[in-house]
Amino acid sequence: MPELDPEDTKLVVLARASRARTGAAEGAAVRDTDGRTYAATTVALPSLKLTALQAAVAAAVASGVDGLEAAVVVTAAAAADADSLAAVRDLAPKAPVHVADSNGNAHTTH
């Protein structure tokens, strides 16, 4: 299990809370280069489908962000999917993307 720094641990807490509040399949949170955070969950509408990380990145971009420091997704999956990683990589090619389980235990970093 990767050791997270305290700021990334805060992202795990935000992502878990978002997921729990909505009952979504995934929760995610990102931190921009100014230290602001954005949290989101899976969007599964008939006309719009976004992974939680895509939704968190979209919220950040809608707020004028042009770079990310880190991202977290809380999911039952063993790793972040390609579309989620691509959304983060569009803004931050080298930022860590941590994957955590529903208990908040980070088990993978991309």
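Above this text is the structure in question.
Presented here is an overview of the structure given in this document. Being a predicted model, the structure only gives us computed values, none of them experimental. (Residues numbered from 1 in each chain as written. Predicted model: local features only at pLDDT ≥ 70, side-chain atom pairs only at ≥ 80, totals over all residues. Heavy atoms only, no water.)

Some thoughts on the overall build of the chain
1) Next: When helices and strands are tallied, the chain shows 3 helices and 7 strands.
2) Next: Its C-alpha radius of gyration of 12 Å places the chain within 12% of the 13 Å reference for a compact globule of 110 residues.
3) Next: Dimensions of the chain, computed from C-alpha atoms along their principal axes, come out at roughly 40 × 30 × 25 Å.
4) Next: Out of the 110 residues in the chain, the part that is buried amounts to 43%.
5) Next: Summing over all exposed atoms, the chain offers an accessible surface of approximately 5,500 Å²; the carbon and sulfur share of this is 55%. (Helix = DSSP H or I, 4+ residues; strand = E, 2+ residues; numbered from the N terminus. Rg over C-alpha atoms; globule rule 2.2 N^0.38 Å. Buried < 20%, exposed > 50% of the residue type's maximum accessible area, 1.4 Å probe, protein only. Areas by Shrake-Rupley, 256 points an atom, 1.4 Å probe, with all protein chains shown as cover.)

Digging into helix α1 (residues 6-22)
1) Next: Under the 1.5 Å per step criterion, the end-to-end length of α1 is 25 Å for 17 residues, consistent within 8% with the ideal 24 Å.
2) Next: At its buried positions, α1 is contacted by β1 (27-32), β2 (37-41), β5 (68-74) and β6 (97-100).
3) Next: The N-cap residue of α1 is D5: its side-chain oxygen and the backbone nitrogen of E7 are 2.9 Å apart.
4) Next: Count one or two residues on from α1 and you reach G23, which has phi positive near 70 degrees. (Expected span 1.5 Å × (residues − 1). Contact = heavy atoms within 4.5 Å. Polar contact = N/O pair within 3.5 Å; in protein donor to acceptor, adjacent residues only side chain to side chain.)

Structural notes on the pattern of salt bridges
Note that side chains of opposite charge can pair when their charged atoms are close.
1) Next: Taken as a whole and judged by the stated rule, the model has 5 salt bridges.
2) Next: When the shortest N-O distance is used, the salt bridge between D32 and R36 registers 2.8 Å.
3) Next: Residue class for R36 comes out partly exposed when judged on its relative accessible area of 40%.
4) Next: In this structure, a network of salt bridges that share partners links the residues D8, R31 and E69. (Salt bridge = Lys/Arg side-chain N within 4 Å of Asp/Glu carboxyl O.)

Quick notes on helix α2 (residues 52-62)
1) Next: Buried within α2 we find A52, L53, A55, A56, V57 and A60.
2) Next: Trailing α2 by a residue or two, G64 shows a phi angle of about 95 degrees, which is positive.

Quick word on the packing of α2 against helix α3 (residues 82-91)
1) Next: At a closest axis distance of 8 Å, the pairing of α2 and α3 adopts a crossing angle of 25 degrees. In terms of axis orientation, α2 runs roughly parallel to α3. Remark: the crossing between α2 and α3 carries left-handed chirality. In this structure, α2 uses L53, Q54, V57 and V61 to contact α3, whose residues at the interface are D83, S84, A87, V88 and L91.
2) Next: Per-class residue counts for the contact of α2 with α3 are 6 nonpolar, 2 polar and 1 charged. (Axes fitted to C-alpha atoms, helices over the stretch in contact; angles between N-to-C directions. Parallel < 35°, antiparallel > 145°, perpendicular 65-115°, else oblique. Left-handed = near helix turned anticlockwise from the far one by under 90°. Nonpolar A, V, L, I, M, F, W, Y, C, P; charged D, E, K, R; others polar.)

Some details on the sheet that holds β2
1) Next: The mixed open sheet is built from 5 strands, whose spatial order is β2-β1-β5-β6-β7. Every other strand in the sheet has two partners, leaving β2 and β7 (106-109) as the edge strands with one partner each. Each adjacent strand pair in this sheet contributes to an overall mean axis angle of 20 degrees, direction not counted.
2) Next: In terms of strand pairing, β5 meets β6 through 4 bridges, oriented parallel. When the bridges of β6 are listed, A71 appears paired with V97.
3) Next: Of the strands in this sheet, β1, β2, β5 and β6 touch α1, which is tilted by about 40 degrees from β5. (Pairing = 2+ DSSP bridges.)

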